[in-house]
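Below, each chain spelled out in residue letters.
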Amino acid sequence: MNYAFDFGWLADYWPVLLKGIGITVELTLVGGVLGVSLGIACAWARVLGPGWLKPIVAAYVEMIRNTPFLIQLFFIFFGLPALGLRMGELPAANLAMVINLGAYGCEIIRAGIQATPRGQFEAGASLGMSRIQTFWYVVLVPALQRIWPALSSQIVIVMLGSAAVSQIAAEDLTFAANFIQSRTFRAFETYFAATLIYLALAIVLRQLLRGLGWTIFPRRTAR
Amino acid sequence: MSLIEITEVKKRFGDNEVLKGINIDVEPGEVIAIIGKSGSGKSTLLRCINGLETIDDGSISVAGAQLLPDELHLKALRLKVGMIFQGFNLFPHLTAGRNVMLSQMVVKKTPKAEAEVMAKKMLERVGLGHKFDAYPDQLSGGQQQRVAIARALAMQPIALLCDEITSALDPELVNEVLAVVKELASEGMTLLMVTHEMRFARDVCSRVVFMHQGRVHEIGPPEEVFANPKTPELKQFLGVTH
């Protein structure tokens with residue numbers, strides 16, 4: 001083995017990596033917030049929504065959960081322009097991540113809603129709240145609390161999965177790493193650095209989500 | 001006209017007819033105890049009055065308004081009739097105060113400051129003014145049930161339905177809840193309660209309804225129903241041996 005490891009030159013590419021990190025963080029933030037919102041809406045629709053909406057949401061969820069993320073991304077970026085829906089690589093990447101997390105989030109949040117004791121719905125109803133008000137003010141927060149660890153994991157998975165967006169030339173961290181590697185042919189150092197950065201991002205994200213959990217859910221739920 | 005008119009109400013779950021034509025008229029200020037074996041339909045009757053179960057036949061009206069199963073009519077009904085449950089059903093993610101404030105703000109669109117004043121007043125009324133900021137899991141069962149009562153009262157209902165509200169409580173906590181109910185009764189609140197507290201029913205209630213197999217089997221003032229049961233079923237239920 002006569003490969004000489006050298007990490008010193010990486011400093012020259014730091015701006016490139018930093019930009020990639022920025023894009024990855026942005027994708028995760030937008031994907032996380034909008035994806036969870038979509039997941040909540042879909043979970044509501046599947047459990048408590050009108051009858052005509054349930055099969056539509058179920059079809060969406062199954063479609064996304066049973067196809068590769070990369071294909072979803074390609075379809076949005078390369079396929080949709082055929083229908084006149086043309087968008088840049090970043091909007092396409094954002095959209096793909098929202099749609100993806102929306103479907104997985106839906107199933108996780110649905111479990112949380114379904115575990116709600118019937119008495120909570122009845123208490124809301126007996127106080128004159130509509131079904132949607134009861135869902136929003138009474139059911140949702142404890143339901144999210146029940147599944148928060150699973151939802152947090154899914155958000156981290158989506159963040160890591162965002163590496164795929166480099167394939168449509170969205171300039172995320174993986175794109176930056178590929179770019180550096182193709183310039184320098186120093187694959188080991190480049191991907192080693194990328195690995196460490198992803199690891200750090202994932203750990204920080206998990207801690208942030210845990211902290212967020214502590215603030216949104218002040219009490220442990222009964223049952 | 002009576003405050004609550006229950007006329008020929010029938011309810012079935014599949015093949016099982018739980019209510020087989022119930023007739024009860026409740027006057028304002030009356031305190032009515034509904035007693036009977038489990039499965040006699042007493043909880044179902046109460047749940048029908050609040051629209052938590054739809055009825056298959058007959059009619060229920062509260063203060064002259066017919067109970068209809070659409071969301072608008074149900075909301076109007078539930079603003080008049082509060083309900084308290086065996087399992088308290090407090091909202092676990094909200095403090096006691098917030099539990100009492102929520103429906104005022106969401107349903108009645110009461111401004112927050114006003115809702116807070118009302119919540120404090122109602123918690124005082126059930127003896128829990130100092131627990132405004134406590135979460136349900138920091139309260140005993142008896143305290144939780146009293147918060148639930150305060151929560152129902154904050155909507156200013158004209159009648160309260162109590163569904164076995166002391167059945168889930170430890171024996172030593174039953175009295176603190178019954179004391180609150182007794183006070184409400186003395187203030188003129190109309191109460192319909194499904195209960196197993198016979199002593200309480202005898203002392204506080206104006207009428208006792210004995211339900212048996214989906215029907216009102218006997219009805220009358222407590223001294224009559226308890227001291228002089230007419231049917232063998234009620235005698236057996238009360239454990240009277242002649």
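All chains use their own residue numbering, which begins from 1 and follows the written sequence. Chains carry letters and ligands carry numbers; both start at the beginning, A for chains and 1 for ligands, and go up in the order they are written. A pLDDT threshold of at least 70 governs which residues receive local features in this predicted model, and a stricter bar of 80 or more applies before side-chain atom pairs are shown or counted, although totals over entire chains, interfaces and linings include all residues. To get the side-chain values, take all heavy atoms of the structure and skip hydrogens and water.

(A) Representation of the overall build of chain B within the structure. The secondary structure listing takes helices from DSSP runs of H or I that are at least 4 residues long and strands from runs of E that are at least 2 residues long, numbered from the N terminus. Per the secondary structure count, chain B includes nine helices and ten strands. The size measure is the radius of gyration over C-alpha atoms, and the globule rule it meets is 2.2 Å times the number of residues to the 0.38 power. For chain B, whose C-alpha radius of gyration is 18 Å, the value lies close to the compact-globule estimate of 18 Å for 242 residues. Burial status across chain B gives 55% buried among its 242 residues. The contact rule is simple, with two residues in contact once any of their heavy atoms fall within 4.5 Å. In chain B, of all internal contacts separated by at least 6 residues, the share reaching a separation of at least 24 is 66%. Accessible areas in this description were obtained via Shrake-Rupley with a 1.4 Å probe; residue shielding takes into account the shown protein chains only. For chain B, the accessible area works out to roughly 10,400 Å², and carbon and sulfur atoms hold 48% of it. For this count, His and the chain ends are skipped, Lys and Arg are scored as positive, and Asp and Glu as negative. Charge coordinates come from a single atom per side chain, which is NZ of Lys, CZ of Arg, CG of Asp or CD of Glu. For chain B, the distance from the average position of its 27 positive side-chain charges to the average position of its 30 negative side-chain charges is 2 Å. Accessible area is worked out with a 1.4 Å probe on protein chains only. A residue is then buried under 20% of its type maximum, exposed over 50%, and partly exposed in between.

(B) Expanded view of the interface of chain B and chain A. Of the residues lining the interface, 25 residues belong to chain B; the matching set on chain A comes to 22 residues. Buried area: the accessible area, evaluated with a 1.4 Å probe, that two parts lose upon being put together, summed over both parts. Of the roughly 2,000 Å² buried between chain B and chain A on both sides combined, carbon and sulfur atoms contribute 62%. Salt bridges are defined as contacts in which a side-chain nitrogen from Lys or Arg sits within 4 Å of a carboxyl oxygen from Asp or Glu. Run the count over chain B and chain A and you get one salt bridge. Of the charged contacts in the structure, one is a salt bridge between B:Arg47 and A:Glu122, with a shortest N-O distance of 2.6 Å. Counting of polar contacts relies on pairs of N or O atoms within 3.5 Å, with two restrictions inside protein: one atom must be capable of donating a hydrogen and the other of accepting it, and residues adjacent in sequence are counted only when both atoms are side-chain atoms. At the junction of chain B with chain A, the criterion picks out seven residue pairs in polar contact (both at pLDDT 80 or more). For the side of chain B that touches chain A, the secondary structure elements donating two or more residues are α2 (71-80), β6 (81-84), α3 (96-107) and α5 (141-153) of chain B. Here the side of chain B that touches chain A takes four residues from α3(B), the largest share from any one element.

(C) Inspection of the packing of helix α1 (residues 14-48) of chain A against helix α4 (residues 89-114) of chain A at higher detail. All names here are of chain A. Interhelical geometry of α1 versus α4 gives an angle of 40 degrees and a closest axis separation of 5 Å. Considering the angle they form, α1 stands oblique to α4. Of the two elements, α1 crosses α4, and the hand of that crossing is right-handed. Each axis is a line fitted through C-alpha atoms, taken for helices only over the stretch in contact, and angles between the N-to-C directions span 0 to 180 degrees. Angle categories are assigned with fixed cut-offs, so that under 35 degrees is roughly parallel, over 145 is roughly antiparallel, 65 to 115 is roughly perpendicular, and the rest are oblique. In a left-handed crossing the near helix is turned counterclockwise from the far helix by less than a right angle, and in a right-handed crossing that turn is clockwise.

(D) Fine view of the sheet that holds strand β10 (residues 215-220) of chain B. Residue and element names in this part refer to chain B. Here, a strand pair is defined by DSSP locating no fewer than two bridges between the strands. Taken together, the six strands give an open sheet; going across it, the order is β6-β7-β8-β3-β9-β10, and neighbouring strands pair in mixed fashion. Edge positions in the open sheet fall to β6 and β10, since each of these has one partner strand only. The average undirected angle you get between the axes of adjacent strands in this sheet is 20 degrees. The sheet contact formed by strand β3 (residues 31-36) and strand β8 (residues 190-194) spans four bridges and is parallel. In the sheet register, Ala33 faces β8, and the bridge partner there is Met193. This element, helix α1 (residues 42-49), spans β3, β6, β7 (159-163), β8 and β9 (207-212) of the sheet and lies at about 145 degrees to β7. Taken strand by strand, α5 contacts β6 and β7, and its axis lies near 170 degrees from that of β6.

(E) Quick peek at the nonpolar core. Nonpolar core, defined: a set of buried Ala, Val, Leu, Ile, Met, Phe, Trp, Tyr and Cys residues in which side-chain atoms within 4.5 Å join the residues together. With 91 residues, the main nonpolar core has A:Leu151, B:Ile4, B:Ile6, B:Ile34, B:Leu45, B:Ile49 and B:Leu192 as its most contacted residues. It is helix α6 (residues 131-161) of chain A that contributes the most residues to this core, 13 residues altogether. Beyond its immediate chain neighbours, meaning those up to four positions away, B:Leu192 contacts B:Ile4, B:Val26, B:Ile32, B:Ile34, B:Leu46, B:Ile49, B:Leu160, B:Leu161 and B:Cys162.

(F) The pattern of salt bridges, seen in detail. If you walk through the whole model with that rule in mind, you get 14 salt bridges over all chains. When the shortest N-O distance is used, the salt bridge between A:Glu171 and A:Lys19 registers 2.5 Å. On the criterion of sequence distance, the pair formed by A:Glu171 in the loop between α6 and α7 (173-184) and A:Lys19 in helix α1 is long-range, its members being 152 residues apart. Residue B:Arg12 pairs with B:Glu17 through a salt bridge whose shortest N-O separation is 4.0 Å. By relative accessible area, which is 27% here, B:Glu17 ends up partly exposed. Salt bridges sharing partners connect three or more residues here, namely A:Arg118, A:Glu122, B:Arg47 and B:Glu53.

(G) The arrangement of the packing of aromatic side chains in detail. Two aromatic rings from Phe, Tyr or Trp, using only the six-membered ring of Trp, form a pair when their centres are within 6.5 Å; if the ring planes differ by under 30 degrees the pair is stacked, by over 60 it is edge-to-face, and anything between is tilted. Following the criterion strictly, the structure yields nine aromatic pairs over all chains and no others. Here A:Trp9 and A:Tyr13 contribute two aromatic rings whose centre-to-centre distance is 6.0 Å and whose plane-to-plane angle is 80 degrees, an arrangement assigned as edge-to-face. Site record: aromatic cluster; members linked through ring pairs are A:Tyr3, A:Phe5, A:Phe7, A:Phe188 and A:Phe192. Two conditions define a charge sitting above a ring: the NZ of Lys or the CZ of Arg must be within 6 Å of the ring centre, and it must be within 35 degrees of the ring normal. Positioned over the ring face of B:Phe132 is B:Lys120, at 5.1 Å from the centre of the ring.

(H) Broad picture of α2(B). Here α2(B) has its buried residues at B:Leu74, B:Leu77 and B:Arg78. Looking down the long axis of α2(B), one finds its buried residues gathered within 95 degrees of arc, a one-sided arrangement. Contacts made by the buried residues of α2(B) are with α5 (118-126) of chain A together with α1, β4 (57-62) and β6 of chain B. To obtain the arc, one takes the directions from the helix axis to the C-beta atoms.

(I) Quick look at the pairing of β9(B). All names here are of chain B. In terms of burial, β9 is largely enclosed, as five of its six residues are buried. Strand direction decides the pairing type here: β3 and β9, joined by five bridges, are parallel. From the neighbouring strand, Ile34 faces β9, where its bridge partner is Val209. The sheet contact formed by β9 and β10 spans five bridges and is antiparallel.

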